[in-house]
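Letter by letter, the chains look like this.
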Amino acid sequence: MSIPSEPPRFTELQGQYLAFIYAYSRIHRRAPAEADMQRFFGTSPPTVHRMVLELERLGLIRRSAGKARSIELLVRPEALPVLR
């Protein structure tokens, strides 16, 4: 996996999603499903899906098409904010 050396640029909300993906993956040893993010953030399925697509478009995560729980974080953990 190639992680960029410069600090990533993301909004506060995007940072919270990234921090959640990291924390969930460490605790459960698998990537979160969009439904897990929906429950945690208290948002609708389309809202979570749009965020996942945006994080992927920005190069902050990677997913495997057609494979469940395939989100891979492309940001160094030390660059992530504290999950609130």
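First things first, this report covers the structure right here in the doc. (Residues numbered from 1 in each chain as written. Predicted model: local features only at pLDDT ≥ 70, side-chain atom pairs only at ≥ 80, totals over all residues. Heavy atoms only, no water.)

## Concerning unusual backbone geometry
Backbone geometry places Arg29, a non-glycine residue, at a positive phi of 60°. Relative to the elements of secondary structure, Arg29 occurs in the loop between α1 (12-28) and α2 (34-41). On the basis of relative accessibility, which here comes to 79%, the residue Arg29 falls in the exposed class. One non-glycine residue with positive phi stands out, namely Arg69, at about 50°. (Helix = DSSP H or I, 4+ residues; strand = E, 2+ residues; numbered from the N terminus. Buried < 20%, exposed > 50% of the residue type's maximum accessible area, 1.4 Å probe, protein only.)

## Some details on the nonpolar core
In this structure, Leu18, Ile21, Met37, Leu55, Ile61, Ile71 and Leu73 are the most contacted members of the largest nonpolar core, which totals 17 residues. Per-element accounting of this core gives the leading share, five residues, to α1. Look past the residues within four positions of Leu18 in its chain and what remains in contact with it is Phe10, Leu55, Leu60, Ile61, Leu73, Val75 and Leu80. (Core = buried A, V, L, I, M, F, W, Y, C linked by side-chain atoms within 4.5 Å. Contact = heavy atoms within 4.5 Å.)

## Considering the pattern of salt bridges
For the structure shown, the criterion picks out six salt bridges. Residues Arg84 and Glu12 are paired through a salt bridge, measuring 2.8 Å at the closest nitrogen-oxygen approach. Here the residue Arg84 occupies a position in the segment after β2 (72-73), and Glu12 occupies one in helix α1, the gap between them amounting to 72 residues. For the pair Arg84 and Glu12, a shared accessibility class is recorded, and that class is exposed. (Salt bridge = Lys/Arg side-chain N within 4 Å of Asp/Glu carboxyl O.)

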